[in-house]
Amino acid sequence: MGENIIVPIDFTVESLFTVKKFLQHNPETECNLLLVHGYRMPLSITELLFFSKAAQLRKLAGNEFEEAVTILKNKYAQKRVTICIDLFLGYNQASFQNFIAGYTITQAAIPKSYRLKTAGGNGFDIMKFIKRSDLKITEFDWTISVGVPEKNHVSELLFDL
Amino acid sequence: MKIQIKIVLLLLVVFITFTLIFSGFIYFSISQYSFADFYKRLEIRAATTAKVELDYQKNTASIKELKSEYLEKLTNEQDYIFEITPATALEKEASNIKVPASFIKEIISNGTGNYQRGNTFFAGIKYKSDEKLYAVIVSAENYYTTHHIAYLRNVLVTLILVSVLFILLASFWVSKKIIKPIQQITNKVKKISSENLSLRLSLPSQNDEFANLARTFNDMLDRLQTSFETQNNFVSNASHEFNTPLTSIIGQADVTLSKSRTQEEYVESLTIILQEAEKLDKKVQALLFLAQTGFNGKAQKFDKVRVDQLILDVKLTIDKIYPASKIHIDFNLLPETPEKLKVKGNEQLLHLALTNIVGNACKYSRNQPVTISLGATADKIIVAVKDNGIGIPDKELQYIYDPFFRASNTKQFEGYGIGLPLARNIIKIHSGDISIYSSHNQGTTVEIKLPLGNFSV
């Protein structure tokens, strides 16, 4: 078992660059990467009744995103790196502290210049919670791709600009 | 048989079967019930009669009065009483009343018994009076039940007839309603011919099966239209492509033959002719290959191919063809396990396809750096080739797989427009996918997905 590391994502292929960069910078690490996006629970009682995190994750993570994640998993298949995706369903810093305590997360890898988008109607960026927490934060930077033809396709992950 | 009539018949059969079962059940259960009820009444009468005739012979008048006052007379009601002794000749008694002996025996053994002869019903009981056994039998015609049953039967038959008529009308209406959209589609499709392939069916407002059918038709028409246009383009492009070198060969030969030339001039013109003929040959070869790799059902010999090795080989080949090219191979995301790198395929064909794609990338980016990268998902290998070349105009992106099609911004580059369709055919043979993302003047990314071969190490 390695360390548990939280990585904020927005279900675009580009946001996975944080993971790619992290693993390139720490090639010998053993770690569990938890890719997290914020999600506001619906307010209506019927939607809450039928709310399922797994279904919501399936909806948010498109085909291309999932393929890109498996590429990363295959790349580090023998290095004891596990990658999981989860939604943070809380509202405030306290619930975020609970969230990271529950997962026993000690580190965070975040993008430096890339601005995370909000996925779906109820998504939100969890960067502010990460920055306010007492996690050990490492920032990773890459050239932000603007108007590259392969935007939002798997191949986007394959190239470093 | 028309489907409309089929629907009508089907509905009719189903409904009539149901109605028949339903009314048959009602008819039989009601008649059974009324028979049982009538036998009960007869038995009560038999008991009364026995009491009157055998027990209270002294004051029969009052009971008879009571009976005539409160019990209505049944049609043809008749009472029979005889004593049962071992000596009684049952057959004789039975023939007196005109009932079978078995009926009398039933009364003696069971205490009660029922018998029906035509419309006349018999009910008998065994009665004990003054230490003697008697058989008391009452018979009557079942006027009420027969009439009620007959009435019920008439009502049911009339109702069945009426409902058949009604069902007939209803099923005609239903079938017409079902068939109507099909007829609309048929009429619309009839209007579409090869001259007006751009016509499309209007989609119904509801999203039902017919909307689906119309959509499928529209999709098919889309494909038909594209392939028609491709065919037309192909013929015009192909004749143009073949015509150009032929024209220059003929023109060169014509000019050379117009007067006598020096030795050098002949050599020069023959060299030009040879060059043009070689170009023509190349085009014919490429076309032949394209036809061969197209789906013609011929089995290709497939073997284990390592994609990373393939990419390295392709780089060597391209270095020979375009010595000025700068190819950068990015194996950053190369999967760690080798079985994720093997596909089932024909190495020569895959090599050809990839060489064409990488060659295009080098050619149309004027030898700017081209990156080839590789990654493996759970069941696919993804090879991506990225260049920063001239790109493909958005509007022309849909035609790039047409043989001989060349984008409008490729005029100053040499080429025949066969490489990409050829590559796509090869990828298709390997059950793979090829996607091209491009933005004009920024560059193009070709993404090839090949299914993993499932070879263990």
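Here is what the cut-offs are and how they apply
- Residues numbered from 1 in each chain as written.
- Chains lettered and ligands numbered in written order.
- Predicted model: local features only at pLDDT ≥ 70, side-chain atom pairs only at ≥ 80, totals over all residues.
- Pairing = 2+ DSSP bridges.
- Helix = DSSP H or I, 4+ residues; strand = E, 2+ residues; numbered from the N terminus.
- Axes fitted to C-alpha atoms, helices over the stretch in contact; angles between N-to-C directions.
- Buried ≥ 20, exposed ≤ 12 C-beta atoms within 10 Å, placed from the backbone.
- pLDDT = per-residue confidence, 0-100.
- Parallel < 35°, antiparallel > 145°, perpendicular 65-115°, else oblique.
- Left-handed = near helix turned anticlockwise from the far one by under 90°.
- Contact = placed C-beta atoms within 7 Å.
- Nonpolar A, V, L, I, M, F, W, Y, C, P; charged D, E, K, R; others polar.
- Expected span 1.5 Å × (residues − 1).
- Bend = angle between axes of the 7 residues up to and from the residue.
- Core = buried A, V, L, I, M, F, W, Y, C linked by C-beta atoms within 7 Å.

Peer 1: Explain the sheet that holds strand 1 (residues 78–84) of chain B to me, and be specific about the residues and the numbers.
Peer 2: Residue and element names in this part refer to chain B. An order of 1-4-3-2 is seen for the four strands of this open sheet, with the pairing classed as antiparallel. The open sheet terminates on both sides in strands that have one partner only, identified here as strand 1 and strand 2 (112–117). The average angle at which neighbouring strand axes cross in this sheet is 20°, direction not considered. Of the strand pairs in this sheet, strand 2 and strand 3 (residues 120–129) are connected by six bridges, and their pairing is antiparallel.

Peer 1: Account for the pairing of strand 8 (residues 370–376) of chain B, naming residues and giving values.
Peer 2: Residue and element names in this part refer to chain B. Across the seven residues of strand 8, seven count as buried, placing the element largely inside the fold. The alternating pattern of strand 8 places Val 370, Ile 372, Leu 374 and Ala 376 and Thr 371, Ser 373 and Gly 375 on opposite faces, both of which are buried. Where strand 6 (residues 327–330) and strand 8 come together, four bridges link them in parallel fashion. Across the sheet, residue His 328 finds its bridge partner in strand 8, namely Thr 371. Note: strand 8 against strand 9 (residues 380–387), six bridges, orientation antiparallel. What sits directly across from Ser 373, in strand 9, is Ala 384.

Peer 1: Tell me what's going on with the confidence of the model for chain A, and back it up with residues and numbers.
Peer 2: For chain A, mean pLDDT is 88; residues scoring 70 or higher make up 99% of the total. Across chain A, element-level confidence peaks in helix 5 (residues 93–102) of chain A with a mean pLDDT of 93 and bottoms out in helix 7 (residues 155–158) of chain A with 86.

Peer 1: Describe the packing of helix 3 (residues 90–97) of chain B against helix 4 (residues 101–110) of chain B, with residues and values.
Peer 2: All names here are of chain B. One way to put it is that helix 3 packs onto helix 4 with a least axis distance of 8 Å and a crossing angle of 115°. Classed by the angle they form, the pair helix 3 and helix 4 counts as roughly perpendicular. Where helix 3 crosses over helix 4, the handedness of that crossing is right-handed. Contacts between helix 3 and helix 4 involve Leu 90, Glu 91, Glu 93 and Ala 94 from the first element and Ala 101, Ile 104 and Lys 105 from the second. Residues belonging to the contact of helix 3 with helix 4 are distributed by class as follows: four nonpolar, no polar and three charged.

Peer 1: Got a sec to walk through the environment of Asp 86 of chain A? Specific residues and values, please.
Peer 2: All names here are of chain A. Locating Asp 86 in the fold gives a position in strand 3 (residues 81–88). Spatially, the C-alpha atom of Asp 86 lies 8.8 Å from that of Gly 38, the residues being 48 residues apart in sequence. Those residues within four positions of Asp 86 in sequence are excluded, and the remaining contacts are Leu 34 and Val 36.

Peer 1: So what's going on with the interface of chain B and chain A? Residues and values would help.
Peer 2: Contacts between the two partners involve 24 residues from chain B and, on the opposite side, 17 residues from chain A. The set of elements that each furnish at least two residues to the side of chain B that touches chain A consists of strand 8, strand 9, strand 10 (433–439) and strand 11 (443–451) of chain B. Here the residues of the side of chain B that touches chain A sort into eight nonpolar, 11 polar and five charged.

Peer 1: Can you explain helix 5 (residues 143–191) of chain B? Please cite residues and give values.
Peer 2: Count 3.6 residues to each turn of an α-helix, and residues three or four apart come out pointing the same way. With 49 residues, helix 5 of chain B extends 71 Å from end C-alpha to end C-alpha; this agrees with the ideal 72 Å at 1.5 Å per step. The sharpest bend along helix 5 of chain B comes to roughly 35°, located at Ile 179 of chain B, with the proline Pro 181 of chain B sitting one to four residues further on.

Peer 1: Kindly report on the nonpolar core, identifying the contributing residues and their values.
Peer 2: Residues Val 358 and Val 383 of chain B are the most contacted members of the largest nonpolar core, which totals 81 residues. Beyond its immediate chain neighbours, meaning those up to four positions away, Val 383 of chain B contacts Val 307, Ile 311, Ile 372, Leu 374 and Ile 448 of chain B.

Peer 1: Describe unusual backbone geometry, listing the residues and the values that go with them.
Peer 2: Unusually for a residue other than glycine, Asn 152 of chain A sits at a positive phi of about 65°. Position of Asn 152 of chain A relative to the elements: it lies in the loop between strand 6 (136–140) and helix 7. The backbone of Arg 366 of chain B sits at a positive phi, close to 50°, despite the residue not being glycine. With respect to the helices and strands, Arg 366 of chain B occurs in the loop between helix 9 (347–364) and strand 8.

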